[in-house]
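One letter stands for each residue in the lines below.
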Amino acid sequence: MTTNFLDQLNPAQRESVESVDGPVLIVAGPGSGKTRVITNRIAYLVLHQKVSPYNIGAVTFTNKASREMKDRLVPLLGTEAKILTVGTFHSFCSMILRRSGQYLGLSNNFVIYDDDDQISAVKQSMKDVDIDPKQFNPRTVLSTISNSKSQLVNYEGFNSQKSNYYEEVVSKIFERYEEILSQSSALDFDDLLLKTHQLLTEFQDAAKIYQTKFHYFMVDEFQDTNIAQYSIAKIISETSRNLCVVGDPDQSIYSWRNADIRNILSFQSDFPEAKILPLEQNYRSSQNILDAAKNIITKNQQRVDKNLWTSNDKGSLISIDEAYDEEEEARKVIKEIQGLVDNDEYSLSDFAVMYRVNAQSRSFEMACQRFGVPYQIVGGVKFYHRREIKDITSYLRLILNSEDDISLSRIVNVPPRGIGQRTLSEVSRIARQNNKSLYESIISITSGNNTSHQLGNRAINSLNQFISCIDQLKNSAGNLDIMQLIDLTVLETGYRKYLETDENSEERMENVQEYRNSSREYSSVPALEGLVGFLEGISLISDIDTFEEGIDSITLITLHQSKGLEFPIVFITGMEEGLLPHIRSLDSGSPEELEE
DNA sequence: TTAAATGTTCTTTTT
DNA sequence: GAACATTTAA
């Protein structure tokens, strides 16, 4: 099988593929075939260097990228490709924590809180420690916490470093926030990284397992990694020294998510012997487009110049069109697309309409509908963030782990069952007082063990009904596969009936159906394990993962999500003051943000 | 005390 | 147009 896959590469790509030993930094310009280089690198290791795929690890930016990588490797490596570890940094860490989390006292059935859950947890924390959400925006507080964690500073660290009033307040919230999460056996996105790092630094034998397993480790989109991610990669390859990172400082667009471009500098000082390989030939774009991009980005103050070039044609010039408002803009774009398709020059899947913020998609959706142009929208109101989906997910989480306070508070009165604000805050007070979860507290109230509450019979009755419903589902959970469990939950909790009264009843029912179908791949797994796997999957999935290429429709997508994709024709819309760049990066006063 | 109805505020990019 | 806050009816 030592086929000629290497012959299809240019000399620079080939060198990147064959330089497998020791630390390597590949500075890969846009459209330079870096995905191809990484996959071929893995193939080269297996076929030429006789490394088992079991001993190779690679982390990508999205699940989509890792799936594509595997798909490309299957024809080269056959079924062996299956034992390769490829995934996002978060799913990679999640795997480690499920296997070795017991070192840290973690339950291996932990759930992963997404941003909605995190916000709920922050709000709850603020309530618990008596801080007015009007004075301190929960979102800002969360981003401070998240920022701290992604720099490997946990609550204890934050608390000891706090230096002003704001940090003092955050510190209080932070403490409670961590309590809530740990009580609920939940980890947030940052915890996945932080705890993995903690595990690998504090427990030598745990670290050793992974250091021995991974002889070769690769990190894609290295410019988008944060400090925690880089540290983990470094520890994993401490013994082997075979760490290969691929990135491009010019394509760093995630610093607001704590991606730290200084990782590239640190890499060079941490691994002074590292080979640095540039990939500068661009296969994606025409010369004109490359020139335009270059002329913009060279205006940036802090950057090392790259010599991007292409042997592609000059291509057509970039055309600029002006519209009176977003409706006219959408109409013009869609008309233009229709014209090109009608001439049989292109098919719908060749087109992408890109914009800076999701809200801009609406005018294009409307125009598509009006002119009958099929479209695929990436992102926006995310499937797994829809209300009905989050509700059922919360029920499932509660079935798995009743101590999950955030999930319980979300659905305790959905559908309405007579457990209102007053009742819930009383239960919450009792729970705080006894340092117990909401679920336990409800049981102690309904069973009469706790009488220090001020709840009437009506409320206790409602609580009783709720608890017996959840308990019944818990008892059934062990004998049902995930799809059956979803069906039973929707039925027994009265959620189905509740949806029937909703104004968007049909659409929401369809979403539930789709949700149920998406659990199919876990239905063959043993009951509890299937539930855990399914819940993890939906937490770590990203919008771009559901994007389907080759469908006969145009693509509506944010600039951020379009990273790594290719389209023959692209419309960049809303290029106006305040939108691109966004007003928030103008305001911030930091030139870096504006440059980004 | 809860549930429904009405009013108000806010809205970058996301694993 | 969704999330949140406040008012009103039951």
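In what follows, the structure referred to is the one given above.
Residues numbered from 1 in each chain as written. Chains lettered and ligands numbered in written order. Predicted model: local features only at pLDDT ≥ 70, side-chain atom pairs only at ≥ 80, totals over all residues. Heavy atoms only, no water.

Draft legend 1. Quick look at the sheet that holds strand β1 (residues 24–28). Spatial strand order, β3-β2-β6-β7-β1-β8: 6 strands in an open sheet with parallel pairing. Edge positions in the sheet fall to β3 (85–88) and β8 (275–279), since each has one partner strand and no second. Averaged over neighbouring strand pairs, the angle between their axes works out to 15° when direction is ignored. Where helix α12 (residues 262–270) meets the sheet, its contacts fall on β1, β7 (243–247) and β8, and the angle it forms with β1 comes to roughly 145°. (Pairing = 2+ DSSP bridges. Helix = DSSP H or I, 4+ residues; strand = E, 2+ residues; numbered from the N terminus. Axes fitted to C-alpha atoms, helices over the stretch in contact; angles between N-to-C directions. Contact = heavy atoms within 4.5 Å.)

Draft legend 2. Focus on the protein's contact with DNA strand B. Taken together, 25 residues sit near DNA strand B, with H90, R356, R422, T423 and R584 positioned nearest. Backbone sugar and phosphate groups make up 60% of those atoms of DNA strand B lying within 4 Å of the protein. In this structure, a base oxygen belonging to DNA strand B sits 3.2 Å away from a side-chain N or O atom of H90. Between a phosphate oxygen of DNA strand B and a main-chain N or O atom of G420, the distance comes to 3.0 Å. In terms of residue count, helix α18 (residues 421–434) provides more of the surface near DNA strand B than any other element does, 3 residues in total. Class assignment for the residues of the surface near DNA strand B results in 6 nonpolar, 13 polar and 6 charged. (Near = heavy atom within 4 Å. Polar contact = N/O pair within 3.5 Å; in protein donor to acceptor, adjacent residues only side chain to side chain. Nonpolar A, V, L, I, M, F, W, Y, C, P; charged D, E, K, R; others polar.)

Draft legend 3. Inspection of the environment of G57 at higher detail. By secondary structure assignment, the location of G57 is in strand β2 (residues 56–60). Taking the relative accessible area as the measure of exposure, G57 reaches 0% and is therefore buried. Separated by 161 residues in the primary sequence, G57 and M218 place their C-alpha atoms 6.3 Å from one another. Excluding its chain neighbours within four sequence positions, the residues that come into contact with G57 are T85, F214, Y216, F217 and M218. (Buried < 20%, exposed > 50% of the residue type's maximum accessible area, 1.4 Å probe, protein only.)

Draft legend 4. View of the pairing of β2. Most of β2 sits inside the fold, with 5 of its 5 residues counted as buried. By the alternation rule, side chains of β2 split into I56, A58 and T60 and G57 and V59, which are all buried. Relative to strand β6 (residues 216–219), β2 is paired through 4 bridges, and the arrangement is parallel. Bridging from a neighbouring strand, A58 pairs with M218 of β6.

Draft legend 5. Inspection of the packing of aromatic side chains at higher detail. Here the structure, examined in full by the defined rule, presents 20 aromatic pairs. Look at F92 and F217: their rings are 5.3 Å apart centre to centre, the planes differ by 50°, and that puts the pair in the tilted class. Taken together, the residues F92 in helix α4 (residues 89–100) and F217 in strand β6 connect sequence positions 125 residues apart. Each member of the pair F92 and F217 is classed as buried. Ring centres of Y103 and F203 lie 5.3 Å apart, and the angle between their planes is 45°; this geometry places the pair in the tilted category. Here Y103 is found in the loop between α4 and β4 (111–113), whereas its partner F203 is found in the loop between α9 (189–202) and α10 (204–213), with 100 residues between them in sequence. The ring of F110 carries R98 above its face, with NZ or CZ at 3.9 Å from the centroid. A cation sits over an aromatic face here: K563 above F61, 5.6 Å from the ring centre. (Phe/Tyr/Trp six-rings, centres within 6.5 Å; stacked < 30°, edge-to-face > 60°. Lys NZ or Arg CZ within 6 Å of the ring centre and 35° of its normal.)

Read these as spatial facts, not as claims about activity.
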